Amino acid sequence: MTYPHLLSPITLGDPSTGLRLRNRVVMGSMHTGLEDSVRDLPALAAYFAERARGGVGLIVTGGYAPNKRGWLKPFASELTTRLQAMRHREVTGAVHAEGGAIALQVLHAGRYGYHPLSVSASRQKSPITPFRPSALSTRGVDRTATDFAHAVALAVKAEYDAVEIMGSEGYLINQFLAARTNDRTDAWGGTAEKRMRFPVEVVRRARDLVGGDLPIVYRISLLDLVEGGQTWDEVVELAHRLEEVGVTVLNTGIGWHEARVPTIITQVPPGAWRSATARLKSEVSVPVCASNRINTPELAESILAAGEADLVSMARPLLADPDFVVKAAAGRADEINTCIACNQACLDHVFQNRKASCLVNPRACRETTLVLFPTRRAGTVAVVGAGPAGLAAAVSAAERGFAVTLFEKSDALGGQFRLAMRVPGKEDFAETLRYYARRLEVLGVDVRLGVEATPADLAAYDDVIVATGVVGRVPELEGVDHDKVVSYADVLSGAVVPGRRVAVVGAGGIGVDVSHFLTHDPADTLDDWMAHWGVGDPSLHPGGLTERKPRTPVREVTLLQRKTTPIGAGLGKTSGWAHRAVLRQSGVVQLNGVTYERVDDDGLHITVDGESRVLDVDHVVLCAGQESVRCVYDQVLVLGSPDATPRRAHLIGGADVAAELDAKRAIEQGTRVAAAL
Ligand code: NAP
Ligand code: SF4
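(A) Region of interest: the side chain of Thr263. By secondary structure assignment, the location of Thr263 is in the loop between β10 (249-254) and α9 (274-281). With a relative accessible area of 15%, Thr263 lands in the buried category.

(B) Geometry of the pattern of salt bridges. The final tally for this structure, using the stated rule, is 40 salt bridges. As a salt-bridge pair, Arg53 and Glu98 come within 2.7 Å of each other at their nearest N and O atoms. Here the residue Arg53 occupies a position in helix α1 (residues 41-53), and Glu98 occupies one in the loop between α3 (89-97) and β5 (101-106), the gap between them amounting to 45 residues. Given a relative accessible area of 46%, Arg53 falls into the partly exposed group. Judged by its relative accessible area of 28%, Glu98 falls in the partly exposed class. Linking Glu237 and Arg241 is a salt bridge whose minimum nitrogen-to-oxygen distance equals 2.8 Å. Note that Glu237 and Arg241 are positioned in helix α8 (residues 232-244) at a spacing of 4 residues, about one turn of the helix.

(C) Up close: unusual backbone geometry. If you check the backbone angles, Glu159 has positive phi at about 70° while not being a glycine. On the basis of relative accessible area, Glu159 is assigned to the partly exposed category, the value being 39%. Phi is positive for Ala341, which is not a glycine, with a value near 60°. Assignment of secondary structure puts Ala341 in the loop between α12 (324-329) and α13 (347-351).

(D) Local environment of the state of the cysteines. On inspection of all chains with the given rule, the structure shows 0 disulfides. Not engaged in a disulfide, the cysteine Cys365 finds its nearest cysteine sulfur in Cys358; these two sulfurs lie 9.1 Å apart.

(E) Structural view of the environment of His108. One can find His108 in the loop between β5 and β6 (119-120). The exposure class assigned to His108 is buried, which follows from its relative accessible area of 1%. As a C-alpha pair, His108 and Ala675 span 567 residues in sequence and 39 Å in three-dimensional space. Discounting residues that sit within four places of it in the chain, His108 has contacts with Pro66, Asn67, Arg69, Gly70, Val119, Thr144, Phe148, Tyr171 and Leu172. At 3.0 Å, the side chain of His108 forms a polar contact with the backbone nitrogen of Gly110.

(F) Structural detail: the domain arrangement of the chain. Domains assigned within the chain are domain 1 (10-351), domain 2 (380-471 + 627-675) and domain 3 (483-624). For domain 2 versus domain 3, the separation of C-alpha centres amounts to 32 Å. Taken together, the contact pairs 6 residues of domain 2 with 10 residues of domain 3. Interface area for domain 2 against domain 3, summed over the two sides, is near 790 Å², with a carbon-plus-sulfur share of 64%. Among the residues domain 2 hides against domain 3, the three largest losses belong to Leu419, Arg422 and Pro424. Together they make up 65% of the total. We note a salt bridge from Asp513 to Lys426, for which the minimum N-O separation is 2.8 Å. The interface formed by domain 2 and domain 3 includes 4 residue pairs in polar contact (both at pLDDT 80 or more).

Cut-offs and rules
- Residues numbered from 1 in each chain as written.
- Chains lettered and ligands numbered in written order.
- Predicted model: local features only at pLDDT ≥ 70, side-chain atom pairs only at ≥ 80, totals over all residues.
- Heavy atoms only, no water.
- Helix = DSSP H or I, 4+ residues; strand = E, 2+ residues; numbered from the N terminus.
- Buried < 20%, exposed > 50% of the residue type's maximum accessible area, 1.4 Å probe, protein only.
- Salt bridge = Lys/Arg side-chain N within 4 Å of Asp/Glu carboxyl O.
- Disulfide = S-S within 2.5 Å.
- Contact = heavy atoms within 4.5 Å.
- Polar contact = N/O pair within 3.5 Å; in protein donor to acceptor, adjacent residues only side chain to side chain.
- Domains from an automatic or database assignment.
- Buried area = accessible area lost by both parts, 1.4 Å probe.

What follows is the structure, given as structure tokens:
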């Protein structure tokens, strides 16, 4: 398939003097943590240069504050001086050298600033930060609008091709726009018209300062998804005013960070927000950019082909695969490493004050330190086990030029990922397996499915990478071999279809996923998804938020753990709250501090708070963690003498450490071991 709309050029601004983009792919703004220190500028330049080389039409940087009060955290990225602007030329120069274009995003965090200097339209504290902001004075608002314009002018000095003003996701500009956070009575609040004045002034002053041609992108919040958010009429009115004062493109944002509706994580259906973008596009004449939960060229193309937007913004998909565009253009879309919207290595890292990377592409943001150099020796490599760790090792080693053989004892690639992709909302995990399968084919890896490698099979290789993974732990429990007791693998693979009443033993990530799997109604549509999360028509409900429609769980599930900590406490920073909410919405009974006694015909016998209980269930699903499988590694080592082959054996993934096993560590370890061969 070709992508005629996605790959067609577009000129932003005046047709003869504006900025011509080679295609409609915008790499959306995403903070990576590389923006915050001068020391990291070379790494940031390499990160963006790789995406420019990969054909992205327009890159947008992470957010830079227009003044210190606008920092995201203490000493976070800002663009306030000429010296800083000059230093940015390393970044812009690297992108231009690859034929790309790059915009700087100006972002004032407002009350989302994680520091005591934060300011906002009013004094209300956000529910997601510990600091209560000061309310900007009337003159302070005026100065802040000028600071925005000043940052835009500095971006021009830094040789950026465009700027983006961040007006969504609940940051300062959004805080001015919504009655929820703006209770001012001066010229900057009180009525919808006055609340709009701040963003309009920001754009007007920026345009006045930089003149006609610089494309100014404004990221507008289409659905605030919070109580007291903007009405649709207000959003449209703002869009018109921004057009009048010289905005070039309207990019779109969905949901404030404090919204309790997931907007970009795995369980959000791909393309969920396209209709909101289409609605804005029908109201304005400047180009509109769609964004949020768009992760394949097919979906991006369909949005453009349907006339719902003029550009498509993808941030995480470009982290996952810097060559997204060139692969799509070359008819190699089946080789794209698709973002699975897990947030585990990108946003979760950033919110933990760590540098971003990507679960499926551990080289993201490490372009200068994790490099797959071509090998200078003609070595042979055997990889044992085709779960995420083994797949990453096999593909990375083959990319370096090694002759690779991949042994997998089952008849399919994927290991634990094959189970994960059966969880509702994790269907995209199948894309990762499609990517690896195709890369193995293209790279000519000798894949031997259905073969349990023996030490004799492995003796002829220079390097053996053992990635034999894990098996589900079977706890010591009386009656564990009763017919009612099944493993999570049996359930997710479909080998067992549990009855109506189920107890889930173990409430880690997999116990939570299995509970969702067991209660989810497979007939649910996108409309049902919206209704369950209370997303309504913004012209009827301000902020697009309405009453939630209860879910109808298809089973009665009790989820248990021995610890007394809240269930799901260890889940991802940016997604855990949504998984916990789904459990509540699905009526999953959650019990902690449980002692398991036995399983028999009556069900699962437990003690909670010193009281004995029997859960009368049809099935007990074990989700009690995993144990490493590594016998082939031990056998290979036993063979070892200084002259023996294989010369080197490496143990990676769950076979190395089963505790807290996760695909992020597995794929990174597989890539690193191959990089070091
Ligand atoms: P896990 O997170 O280690 O959880 C295993 C659970 O089993 C624990 O909650 C533990 O709780 C319980 N358990 C351990 N030993 C037990 C025993 N002998 N008897 C009874 N219960 C026992 O493992 P997992 O759920 O299998 O997940 C593996 C990894 O996959 C996770 O660490 C995560 O990285 C990844 N994952 C993440 C997600 C997500 O974030 N959404 C989803 C799926 C998988 P108690 O000891 O308190 O009972
Ligand atoms: Fe996408 Fe997950 Fe990678 Fe983030 S870590 S870019 S969400 S695949």
